[in-house]
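Geometric and topological summary
Listed below are the residues making up each chain.
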Amino acid sequence: MTETLSVVEPATELELAAIPRAGVEQADAAVARAKAAYPGWRAVAPGDRAALLRRLADRVEEHGEELAVLEARNAGKPIADARGEMGMVADTLRYYAGAPERLLGDTIPVAGGEALTFREPLGVVGLIVPWNFPLVIASWKLGPALAAGNTVVLKPAELTPLTAVRFEAIALEAGLPEGVVNVVAGPGSVCGRRLTEHPDVAKIAFTGSTEVGRGIAAAAAQTIKRVTLELGGKSANVVFADADLERAAASAPMAVFGNAGQDCCARSRILVERTVLDRFMEALEEAVEGIRVGDPLDESTQMGPLISAARREEVASFVGPDAPVAIRGSAPDGPGFWFAPTVLCPVDNHDRAAREEIFGPVASVIPFEDEADAVRIANDTIYGLSGSIWTRDGARALRVARAVESGVLSVNSNTSVRVSTPFGGFKQSGVGRELGPHALEHYTEVKSVYLATEPA
Ligand code: NAD
């Protein structure tokens, strides 16, 4: 009998779908299909592979509204955000459609002949993704993997498999050959684990928690798999006294509470220069109270529920009776895994709320004394994914951006991700980069070929 995976809608706590639950056998079958499809896919002429990826992007756009509604309901994210994410899926596939014809090699001067380099695909790549941005994070891996000529087995998170399952069908509809894109929806500890151990999988591209990432790196080592890891974060949003405080305060809440705080880039440590702390907190309170928390399918909603009851319990553990709650927004009652946006102030950087990735709508405001203090606090974490610097002093902005140990930084802005720029972590936030041209390096091997040309 086939086992089923019950998929719950976080805003209602009701079952949204029940789908077949993949286990080791299905993971093995998917790897076998991907392995069989690999020689054919890598042999597709670069221009034709590019055309297929563009067609795939077109099909995602055609199904955009259906996919956005599915993602909004399954992940509990506001529909406007889900539409934006589906737009990024299409943009990412289109961006990497430019790659097959641009995977250039080198010619290297050597004695007695010619040396050439080629960028070769790896083979079957396992893609393991989390539930917070299900399809868009998958697309950051699918784009470069497929463009370089690899075939893939995608394992979505068991809480949010629905858009990945649709994507597999859409890929076939777009004309990608059978077996190039394979989806296995099953538990990480069974299905995901099998992919990390499978001898026919050449690489694992993983996004998820630092804890699971450690296990994946260890399991992959047994077969010397290539591994890229996009892991957790505890990013600093540094606000200097000379900044446009109103803009910084208006932007800070959604930089933490966007996606209900379930965002690896969440700027959950808001570092504020002590001389302007009171002014900043006043403006922040106004902004937090204005956040519209509610039904993900309502066009005006800015924040939905958390993904599960377990997540809500974990987030609540940071807001116990001793927590310095300074601001509390509102959230609906009734069914749904709701949690009101919450700001703690003042927080010491050694407190648990400042050290652990809360992955929910809880921000910590940490006062600092001067530039050196701000950099010290920003770097006092095991993570290094993202961050922001708010100041009107251009030289300081660049100085601090260079000093903060983090893969992505924004000045006077809280954005982290663009299709064309590299994204990834320093320290325990990960290994490797996604997006931009840099991602392609992680889905190819360099081959060196020497051709003797001297007459015998
Ligand atoms: P998770 O680590 O629990 O799960 C991620 C994926 O790994 C899921 O598909 C899960 O089924 C699978 N998995 C679990 N155990 C496994 C195992 N033993 N072997 C193989 N696969 C396994 O993470 P999550 O709770 O789904 O997502 C939240 C985490 O993801 C947060 O820590 C967040 O910071 C991180 N994240 C990072 C980025 C980034 O780009 N750096 C982006 C989004 C989320």
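Look up a bit, the structure's there.
In short, a report on the structure.

With that out of the way, let us pick up the overall build of the protein chain. Helix and strand counts for the protein chain come out as 15 helices and 18 strands. The C-alpha radius of gyration computed for the protein chain amounts to 23 Å, which stays within 12% of the reference 23 Å derived for 456 residues, consistent with globular compactness. Each principal axis of the C-alpha distribution contributes one length, and for the protein chain these read about 80 × 60 × 40 Å. Counting only residues that meet the buried cut, the protein chain has 56% of its 456 residues in that class. Within the protein chain, contacts between residues at least 6 apart in sequence are counted, and of these 73% link residues at least 24 apart. Total accessible area on the protein chain stands at roughly 18600 Å², and carbon and sulfur atoms take up 53% of it. Charged side chains of the protein chain number 44 positive and 60 negative; the gap between the two group centres comes to 4 Å.

With the rule as written, the count across this model stands at 26 salt bridges. Residue Arg 226 pairs with Glu 445 through a salt bridge whose shortest N-O separation is 2.6 Å. Here Arg 226, found in strand E9 (residues 226–230), pairs with Glu 445, found in strand E18 (residues 444–452); they are 219 residues apart in sequence, far enough to count as distant. Of the charged contacts in the structure, one is a salt bridge between Glu 405 and Lys 427, with a shortest N-O distance of 2.9 Å. Remark: Lys 427 occurs in the loop between strand E16 (410–411) and strand E17 (430–431) and Glu 405 occurs in the loop between helix H14 (394–403) and E16; sequence separation between them is 22 residues.

Within the largest apolar cluster, 58 residues are counted, with the highest numbers of intra-cluster contacts made by Leu 56, Leu 146 and Leu 176. Looking at which domains feed residues into this core, each of domain 1 (4–231 + 428–450) and domain 2 (236–419) gives three or more. Phe 280, Val 343, Ala 354 and Val 404 belong to the second-largest nonpolar core, a separate cluster that totals 54 residues.

It is worth spelling out unusual backbone geometry at this point. A cis amide bond links Cys 345 to the next residue, Pro 346, at an omega of -5 degrees. Topologically, Pro 346 is positioned in the loop between strand E13 (342–344) and helix H12 (352–355). Here the phi dihedral of Phe 359 falls at roughly 60 degrees; this positive angle occurs in a residue that is not glycine. Mapped onto the elements, Phe 359 comes out in the loop between H12 and strand E14 (362–368).

Near the ligand lie 27 residues; those nearest to it are Val 129, Glu 158, Ser 209, Leu 231 and Glu 357. Here an oxygen atom of the ligand and a backbone polar atom of Val 129 are 2.7 Å apart. Within the backbone of Arg 193, one N or O atom sits 3.4 Å away from a nitrogen atom of the ligand. Notes on the ligand: free accessible area 840 Å², of which the protein chains cover 87%. At the level of secondary structure, the elements contributing two or more residues to the shell around the ligand comprise helix H7 (188–197), strand E8 (203–207) and helix H8 (210–221). Element by element, the count of residues in the shell around the ligand is highest for H7, at three residues. Of the residues contributing to the shell around the ligand, the split by class is 15 nonpolar, seven polar and five charged. Each of domain 1 (4–231 + 428–450) and domain 2 (236–419) accounts for three or more of the residues forming the shell around the ligand.

The subject of this paragraph is the side chain of Asn 237. With respect to the element layout, Asn 237 can be found in strand E10 (residues 236–239). Look at Asn 237 and you get buried, because its relative accessible area is 1%. Residues within four places of Asn 237 in sequence aside, it is in contact with Ala 252, Arg 267, Arg 269, Ile 270, Leu 271, Ser 388, Trp 390 and Asn 414.

Take the packing of aromatic side chains next. Applying the stated rule across the entire model yields four aromatic pairs. Their ring planes at 70 degrees and their centres at 5.6 Å tell us that Trp 140 and Phe 423 sit as a pair that is edge-to-face. One end of the pair, Trp 140, is in helix H5 (residues 134–147); the other, Phe 423, is in the loop between E16 and E17, and 283 residues separate them in sequence. Classification of Trp 140 as buried rests on a relative accessible area of 8%. With 5.3 Å between their ring centres and 75 degrees between their planes, Phe 240 and Phe 368 make a pair best called edge-to-face. Note that Phe 240 is positioned in the loop between E10 and helix H9 (245–257) and Phe 368 in strand E14, a separation of 128 residues in sequence. In this structure, Arg 328 is placed above the aromatic ring of Phe 339, and the distance from its NZ or CZ to the ring centre is 5.1 Å.

Relative to the helices and strands, Ala 147 resides in helix H5. Between the C-alpha atom of Ala 147 and that of Ala 50, which follows or precedes it by 97 residues, the distance is 7.0 Å. Leaving out residues up to four positions away in the same chain, Ala 147 has contacts with Arg 49, Leu 53, Tyr 96, Ala 99, Pro 100, Leu 103 and Leu 142.

The strand order across the open sheet built from seven strands is E12-E13-E14-E11-E10-E15-E16, with neighbouring strands paired in mixed fashion. Edge positions in the sheet fall to strand E12 (325–328) and E16, since each of these pairs with one other strand and no more. Bridge analysis of strand E11 (residues 269–273) against E14 gives five bridges, and the strand direction is parallel. Bridge pairing in E14 links Leu 271 to Ile 366. Along the sheet, helix H10 (residues 277–289) makes contact with E10, E11, E12, E13 and E14, crossing E12 at roughly 35 degrees.

This next bit is on the packing of H9 against H10. With their axes 8 Å apart at the nearest point, H9 and H10 run at an angle of 50 degrees to one another. Classified by the angle between their axes, H9 and H10 sit oblique to one another. When the axes of H9 and H10 are compared, the crossing they make is right-handed. When H9 is examined against H10, the residues Leu 245, Glu 246, Ala 248, Ala 249, Ala 250, Ala 252, Pro 253 and Phe 257 are found in contact with a partner set consisting of Arg 279, Phe 280, Ala 283, Leu 284, Ala 287 and Val 288.

What counts, and at which threshold
Residues numbered from 1 in each chain as written. Predicted model: local features only at pLDDT ≥ 70, side-chain atom pairs only at ≥ 80, totals over all residues. Heavy atoms only, no water. Helix = DSSP H or I, 4+ residues; strand = E, 2+ residues; numbered from the N terminus. Rg over C-alpha atoms; globule rule 2.2 N^0.38 Å. Buried < 20%, exposed > 50% of the residue type's maximum accessible area, 1.4 Å probe, protein only. Contact = heavy atoms within 4.5 Å. Areas by Shrake-Rupley, 256 points an atom, 1.4 Å probe, with all protein chains shown as cover. Lys, Arg positive; Asp, Glu negative; His and termini not counted. Charge placed at Lys NZ, Arg CZ, Asp CG, Glu CD. Salt bridge = Lys/Arg side-chain N within 4 Å of Asp/Glu carboxyl O. Core = buried A, V, L, I, M, F, W, Y, C linked by side-chain atoms within 4.5 Å. Domains from an automatic or database assignment. Near = heavy atom within 4 Å. Polar contact = N/O pair within 3.5 Å; in protein donor to acceptor, adjacent residues only side chain to side chain. Nonpolar A, V, L, I, M, F, W, Y, C, P; charged D, E, K, R; others polar. Phe/Tyr/Trp six-rings, centres within 6.5 Å; stacked < 30°, edge-to-face > 60°. Lys NZ or Arg CZ within 6 Å of the ring centre and 35° of its normal. Pairing = 2+ DSSP bridges. Axes fitted to C-alpha atoms, helices over the stretch in contact; angles between N-to-C directions. Parallel < 35°, antiparallel > 145°, perpendicular 65-115°, else oblique. Left-handed = near helix turned anticlockwise from the far one by under 90°.

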